[in-house]
Amino acid sequence: MAEEGLVLRVRQPAPIPLDAEFACAPGQVLALVGPSGSGKSSLLRCIAGLLTPAEGRIGCAGETWLDTARGLDVPTPRRRIGFVFQSYALFPHLTALENVMEGLGDVPPGGRRSRAQALLALVHLAGLEDRTPHRLSGGQQQRVAVARALARNPHVLLLDEPFSAVDRSTREKLYGELADLRRQLRMPVILVTHDLDEAAMLADRMCILSHGRTLQSGPPLEVLQRPASVAVARLVGLKNIFAGTVVSHDPGAGTTLLGWKGRLLPIALQEAYPAGNLVAFSVPADGVLLLPPDAGSRGPRDTLLEGTVLSLTTLGDRVRITLCVEGGEPANLFTTLSRHVTARYTLAEGRSITFRLRGERVWLMPQAGGDREPDGG
Amino acid sequence: MDVPALFLSLRLAAWTMAILLPVGIWAGRRLAWRRFRGQSLVEGLLALPLVLPPTVLGHYLLTAFGGATPLGRLYEAVIGRPLVFTFEGLLLASVIVNLPFAVQPTQRAFEAIPSEVREAARCCGMSDWRIFRRIELPLAWPGILSALVLTFAHTLGEFGVVLMVGGNIPGETRTVAIAIYDRVQAFDTQAAGLMAATLLLVSLITIAASYSTADSPGRRRG
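No experiment lies behind these values; they were computed from the predicted model shown.

Helices and strands together make up the secondary structure of chain B, namely 10 helices and zero strands. Its helices and strands in sequence order give chain B the pattern α-α-α-α-α-α-α-α-α-α, from N to C terminus. With respect to the three principal axes, the spread of C-alpha positions in chain B is 65 × 40 × 30 Å. Evaluated residue by residue, chain B yields a buried proportion of 40% over its 222 residues. Look at the contacts in chain B between residues 6 or more apart in sequence, and 76% of them connect residues 24 or more apart.

In structure tokens, the structure reads:
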């Protein structure tokens, strides 16, 4: 079977547990996201052939690179890959131009220099061809690494946390450059990162990994707003994760009624969970509105709740707020507000307030395993 | 001034260096990157000449090379003359004595090459031979060079093992270090002093050359 893009399925119990499956179409950017030790770099190494998993199959652009069932394992130099390492791994004794030329083994020797110059120009490094890596800044080194990776006309571009070693302003510039560059690229791009914002910004699809397992794949917004499980919800940084019961569905009104510790919340219709089912649910930070009760129009699925401000933590221009929700069994809700809004509402620890819980933004998930309550506290 | 002895020393040092260059690169590279069972024992054996008194080492080599052992007999049967008290026997002893000087700096040099750099080379589609020639060798070169220089200088200065295995045969096994001892024994302090100064100068130049390689561009990493 011929694949256009990259298809991967690998599994191994040890030494690095892996149980992953994903695909990436040509021209698409797939972000592998997970905490450190989640196996995302190992998967990249599997694609490159630097790591051979116990079992699996990896195919790219119609070629099979790994098929443990058939005992096939194409060695790294014969896989057409472009790999940008986290540390860039430039050849320290060679100039930028020579670094790129080493990736041009397939080009006739006479054409290598001009091709390497063109690649360096593509990553905005024209004029710096003769510098060795130690005379280039972090951002410039990253660009050389990208040019070198592209030199082989790779069938897949692998980026291992390529932005982690540069300062913030350089990183933002490089984001823009990568976004521009990817429009010119025709191959699948796999980006490994632990930064959700980076993944959401740069990737078409995102794949959440934990302990070597792919938990959920999909467009970044969908994964961030509609996590398939409590584990994914935690990994994407959702703080408000609770247990509740589905009370009823009203397809006509497009509403599901959710019972939560003695309260009834109208939320967006989610019929996948039958009435009576115990579920877990998440409320993103923007699902909690600290507007005065009379301010703005109230949506049909908004619920007014009473609560007390438990704590205010200032983080730069944002304030992280913990609320204790009353009117039923108490529960803690987290949200953030900009600093000046917090000041305008004269929020203070211990103050009682009324706020709105936007049912539109509540997302149901299967109940977390066991009797353990999936409380996000 | 015993000029033949000086040339014999230089010839011995050059041959020792020539033999240990490929041996040092092969063994150093292997020890740097591949872990195997008994590696500590191998590394210990390689370092042994550093700590053993030269007379002890010389005694064992003399016994091993002698006509009473299979090695000595085989050599005599094939070449037609004994191994002990010949230049070839001296060279073999010199190679063994200098193993740690040749292997250890080379091993450290290969160890210092980040594994990601070698992986990046493979990802660039480079063949193993090209990676060795274009990446590993230039990066490890300062270490290899200092191994060669150490070997050369140490061979010039070796005394105990040379005396035990080679004896003191003019033109065959009498090195400059032996010649100095010989001259001192004969109260010819002027000749001894001249040769000692020559040896000092040659050793100083080679060691200084070794240190200057530490500054080469391949050594500096950004």
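This part takes up the domain arrangement of chain A. Residue and element names in this part refer to chain A. Looking at chain A, the domain boundaries give domain 1 (6-229) and domain 2 (235-366). Taken together, the contacts link 11 residues of domain 1 with nine residues of domain 2. For the side of domain 1 that touches domain 2, the secondary structure elements donating two or more residues are strand 10 (205-210) and helix 7 (220-225). It is helix 7 that contributes the most residues to the side of domain 1 that touches domain 2, three residues altogether.

Bringing the nonpolar core into the picture now. Within the largest apolar cluster, 159 residues are counted, with the highest numbers of intra-cluster contacts made by A31, I47, V100, A147, L158 and I190 of chain A together with V165 of chain B. When residues of this core are assigned to their parent elements, the largest contribution, 12 residues, is made by helix 7 (residues 128-157) of chain B. Lining this core are residues from two domains, each supplying at least three of them: domain 1 (6-229) and domain 2 (235-366) of chain A. The residues touching V100 of chain A, leaving out its near neighbours within four places in the chain, are A116, L119, L120, V144, A147, R148 and A151 of chain A.

Now for unusual backbone geometry. Residues and elements named next belong to chain A. Cis rather than trans, the peptide bond between A14 and P15 has omega equal to -5°. Within the fold, P15 resides in the loop between strand 1 (6-12) and strand 2 (18-24). One non-glycine residue, H124, lies in positive phi territory at about 65°. By secondary structure assignment, the location of H124 is in the loop between helix 3 (109-122) and helix 4 (138-150). Residues other than glycine seldom take positive phi values, yet N153 does so here, at roughly 50°. Mapped onto the elements, N153 comes out in the loop between helix 4 and strand 8 (156-160).

Residues and elements named next belong to chain A. Burial of the side chains of strand 13 (residues 255-260) is restricted to one face: T256, L258 and W260 are buried, whereas none of T255, L257 and G259 on the reverse face is. Note: strand 12 (residues 240-250) against strand 13, five bridges, orientation antiparallel. Across the sheet, D250 pairs through a bridge with T255, a residue of strand 13. By the bridge criterion, six bridges tie strand 13 to strand 14 (residues 263-268) in an arrangement that is antiparallel. Bridge assignment links W260 to a residue of strand 14, and that residue is R263.

Attention now goes to the sheet that holds strand 15 (residues 278-283) of chain A. Residues and elements named next belong to chain A. Ordered by their spatial adjacency, five strands build an open sheet running 14-13-12-15-21, and the pairing between neighbours is antiparallel. The open sheet has two edge strands with one neighbour each: strand 14 and strand 21 (363-366). Between one strand and the next, the sheet's axes are offset by a mean angle of 45°, whatever the strand orientation.

Another aspect to go through is the packing of helix 5 (residues 87-111) of chain B against helix 7 of chain B. Residues and elements named next belong to chain B. Axis separation between helix 5 and helix 7 bottoms out at 8 Å; the angle between their running directions is 155°. One way to sum up the angle between helix 5 and helix 7 is to call them roughly antiparallel. Helix 7 is crossed by helix 5, and the crossing has right-handed handedness. Only E136, A140, P142, G143, I144, S146, A147, L150, T151, H154 and T155 of helix 7 make contact with helix 5, whose side of the interface consists of S94, N98, F101, A102, P105, T106, R108, A109 and F110. Partitioning the contact of helix 5 with helix 7 into residue classes produces 10 nonpolar, eight polar and two charged.

Tallying the contact residues gives 22 residues for chain A and 20 residues for chain B. A class-by-class count of the residues in the side of chain A that touches chain B yields 11 nonpolar, seven polar and four charged.

Residues and elements named next belong to chain B. Looking at chain B, pLDDT values average 89 and 95% of them are 70 or higher. In the predicted structure, residues 217-222 sits below a pLDDT of 50 and forms 17 contacts with residues beyond four places in sequence or in another chain. For this predicted complex, the interface score ipTM comes out at 0.82, while the overall pTM is 0.84.

Of the pairings in the sheet, the one linking strand 1 of chain A to strand 2 of chain A comprises seven bridges and is antiparallel in character. Note that in strand 2 of chain A the partner of V10 of chain A across the bridge is A20 of chain A.

Reading the values: rules and limits
Residues numbered from 1 in each chain as written. Chains lettered and ligands numbered in written order. Predicted model: local features only at pLDDT ≥ 70, side-chain atom pairs only at ≥ 80, totals over all residues. Helix = DSSP H or I, 4+ residues; strand = E, 2+ residues; numbered from the N terminus. Buried ≥ 20, exposed ≤ 12 C-beta atoms within 10 Å, placed from the backbone. Contact = placed C-beta atoms within 7 Å. Domains from an automatic or database assignment. Core = buried A, V, L, I, M, F, W, Y, C linked by C-beta atoms within 7 Å. Pairing = 2+ DSSP bridges. Axes fitted to C-alpha atoms, helices over the stretch in contact; angles between N-to-C directions. Parallel < 35°, antiparallel > 145°, perpendicular 65-115°, else oblique. Left-handed = near helix turned anticlockwise from the far one by under 90°. Nonpolar A, V, L, I, M, F, W, Y, C, P; charged D, E, K, R; others polar. pLDDT = per-residue confidence, 0-100.

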